[in-house]
Amino acid sequence: MLTTTTIKVLEPGELNEALAVLDRDPVANAFVAARVQIAGLDPWRLGGEMWGWYADGRLRSLCYAGANLVPVCATTEAVRGFAERARRQGRRCSSIVGPAGPTAVLWSLLEPTWGPAREIRAHQPLMVTRTPSTEVAPDPYVRRIRKDEMDVIMPACVAMFTEEVGISPLAGDGGLLYQARVAELVGAGRSFARIEDGRVVFKAEIGAATQQACQIQGVWVAPERRGQGLSETGMAAVLRYALSDVAPIASLYVNDFNTAARASYRRVGFEEVGAFMSVLF
């Protein structure tokens, strides 16, 4: 019998209840929702556990506990419960990421035992669009990456990741997991780039994708080509693919200190609707 409030690991048979929670905010929850829709709730396939917080017998909040710790539709009381479970289990994730409010509370409760973090990005604006701007013409040379072009796209992906996260994705396992993820996106037709003389000068991916929303990630311009407008025309091209082929809403989140990128995304049609927070270990 469930008590007034309870936290437990969800079972595969509770998939519909979990999806109902995720559907409350399909944009903010796109990353977790996409994983759950593909893998269900089996921890082995999901790549982590899905914790559920129940109040009066009903599932109200979730927390994905895998390579990332991600609170989902989490109330303050649920966050306290998730933090206690995470403390007892010990840190197994490489980051905590999610809507800024709940994530900040979660980190404040975990920092005494999990800290210090390698980096904290406390305010990352969440931006969305349903309609691309007509002011920026899509770059006609941005296209889907083919499966036989992995050797072309990988150096750009590694450069972007290292620049963005501060460590190389090739560390640890030699990049096997990261290469597999890049290959997965290429295979799904969700990796895009402009290639000149065999070298990527702009790239981006449609990462998480559900029928309701998709999330653009990994936007990168070759250092020597920055300031030439490639990010705007390139993003306009990726956005065209995203909204026509993948989902009716496209989103992304960006570091608040990256004012140039935020301005660029606004010009191609994005608007800020909220904020994420990331804690990197």
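Our structure's up above, just so we're on the same page.
Position numbers for residues count from 1 along each chain, tracking the sequence in the order it is written. This being a predicted model, a pLDDT of at least 70 is required before a residue's local features are given, and a value of 80 or more before pairs of side-chain atoms are given or counted; all residues contribute to the totals for chains, interfaces and linings. Excluded from the side-chain calculation are hydrogens and water; included are all heavy atoms of the structure.

Q: Outline the state of the cysteines, supporting the account with residue identities and numerical values.
A: Two cysteine sulfur atoms make up a disulfide if the distance between them is within 2.5 Å. Tallying each qualifying case throughout the model produces zero disulfides. Its sulfur unpaired, Cys-73 is 12 Å from the next cysteine sulfur, which belongs to Cys-63. Taking relative accessible area as the criterion, Cys-73 reaches 25% and is therefore assigned partly exposed. Cys-214 takes part in no disulfide bond, and the closest cysteine sulfur, belonging to Cys-157, lies 17 Å away. Only protein chains enter the accessibility calculation, which uses a 1.4 Å probe; a residue is then buried when its area is under 20% of its type maximum, exposed when over 50%, and partly exposed in between. Owing to a relative accessible area of 0%, Cys-214 belongs among the buried residues under this scheme.

Q: Lay out the nonpolar core with the relevant residues and their values.
A: The term nonpolar core refers to a set of buried residues drawn from Ala, Val, Leu, Ile, Met, Phe, Trp, Tyr and Cys, joined through side-chain atoms within 4.5 Å. Ile-216, Val-238, Tyr-265 and Phe-270 are the most contacted members of the largest nonpolar core, which has 28 residues in total. Elements with a minimum of two residues in this core: strand E9 (199-209), strand E10 (214-221), helix H8 (230-246), strand E11 (250-253) and helix H9 (259-267). The leading source of residues in this core is H8, at nine residues. Here a residue-residue contact requires only that any non-hydrogen atoms of the pair lie within 4.5 Å. When residues no more than four places from it in sequence are discounted, the contact partners of Ile-216 are Ala-204, Glu-205, Ile-206, Met-235, Val-238, Leu-239, Ala-250, Ser-251, Leu-252 and Phe-270. Tyr-54, Tyr-64, Val-97 and Ala-213 belong to the second largest nonpolar core, which has 26 residues in total. Helical segments are the DSSP runs of H or I of at least four residues, strand segments are the runs of E of at least two, and each set is numbered from the N terminus.

Q: Residue-level account of the side chain of Glu-232, with values.
A: With respect to the secondary-structure elements, Glu-232 resides in helix H8. Judged by its relative accessible area of 17%, Glu-232 is buried. Apart from residues lying up to four places away in sequence, Glu-232 is in contact with Val-136, Ser-264, Arg-267 and Val-268.

Q: Quick one: what's the story with unusual backbone geometry, residue by residue and with numbers?
A: The linkage connecting Gly-115 with the following residue, Pro-116, adopts the cis geometry, with an omega of -5°. Topologically, Pro-116 is positioned in the loop between helix H5 (100-114) and strand E6 (119-129). Look at Asp-197: it is not a glycine, yet its phi comes out positive at around 55°. Classification of Asp-197 as exposed rests on a relative accessible area of 85%.

Q: Describe the pairing of strand E4 (residues 68-72), listing the residues and the values that go with them.
A: Among the five residues that make up E4, five are buried, leaving the element largely enclosed by the rest of the structure. Side chains of E4 alternate between two faces, with Asn-68, Val-70 and Val-72 and Leu-69 and Pro-71 buried alike. Examined bridge by bridge, strand E3 (residues 58-65) and E4 share four bridges and lie antiparallel to one another. Bridged to Cys-63 within E4 is Pro-71. Here, any two strands with at least 2 DSSP bridges between them count as paired. Here E4 pairs with strand E5 (residues 95-99) via two bridges, running parallel. Note that in E5 the partner of Asn-68 across the bridge is Ser-95. Viewed with both strands pointing away, a crossover whose connecting path from the first strand over the helix to the second turns clockwise is right-handed. With helix H4 (residues 76-89) bridging E4 and the parallel E5, this β-α-β connection has right-handed handedness.

Q: Could you give an account of H4, naming the residues involved and the relevant values?
A: Each full turn of the α-helix corresponds to 3.6 residues, which orients residues three or four apart in the same direction. Here H4 spans 20 Å end to end across 14 residues, near enough to the 20 Å set by a 1.5 Å rise per residue. Along H4, the residues classified as buried are Ala-78, Val-79, Phe-82, Ala-83 and Ala-86. Seen end-on, H4 carries its buried residues on one side only, within an arc spanning 135°. Against the buried residues of H4 lie strand E1 (5-9), strand E2 (49-55), E3, E4 and H5. Residue Gly-90 follows H4 closely and has a positive phi angle near 90°. Multiplying 1.5 Å by the residue count of a helix minus one yields the expected span of that helix. This arc corresponds to the set of directions leading from the helix axis out to the C-beta atoms.

Q: Hey, could you go over the sheet that holds strand E8 (residues 191-196) for me, with residue numbers and the actual values?
A: Pairing within the open sheet is mixed, and its 12 strands lie in the order E1-E2-E3-E4-E5-E12-E6-E11-E10-E9-E8-E7. Across the chains shown, the open sheet's two edge strands, defined by having one partner strand only, are E1 and strand E7 (143-144). Pairing between E7 and E8: two bridges, direction antiparallel. Bridge pairing in E8 places Arg-143 opposite Ala-193. Contacts from H4 reach E1, E2, E3 and E4 within the one sheet, and its direction differs from that of E2 by about 140°. Axis definition: a line fit to C-alpha positions, over the contact stretch in the case of helices; interaxial angles, taken between N-to-C directions, run 0 to 180 degrees. The strands touched by helix H7 (residues 176-187) are E8, E9 and E10; relative to E9, the strand with the most contacts, the crossing angle is about 85°.

Q: Would you mind going over the packing of aromatic side chains in detail, with residue names and values included?
A: The criterion for an aromatic pair is that two Phe, Tyr or Trp rings (for Trp, the six-membered ring) have centres within 6.5 Å, with stacked assigned to planes under 30 degrees apart, edge-to-face to planes over 60 apart and tilted to the rest. This model, assessed by the stated rule, comprises eight aromatic pairs. Here the aromatic rings of Trp-51 and Phe-82 are separated by 6.4 Å at their centres, their planes lie at 35°, and the arrangement is tilted. Here Trp-51, found in strand E2, pairs with Phe-82, found in helix H4; they are 31 residues apart in sequence, far enough to count as distant. Taken individually, Trp-51 and Phe-82 each receive the classification buried, so the pair is uniform in this respect. For the pair Trp-107 and Phe-281, a centre-to-centre distance of 5.6 Å together with 65° between the ring planes defines the contact as edge-to-face. Of this pair, Trp-107 sits in helix H5 while Phe-281 is found in the segment after strand E12 (271-280), placing the two residues 174 residues apart along the sequence. A residue is classified by how much of its surface remains accessible, and Trp-107, at 4% relative accessible area, is buried.

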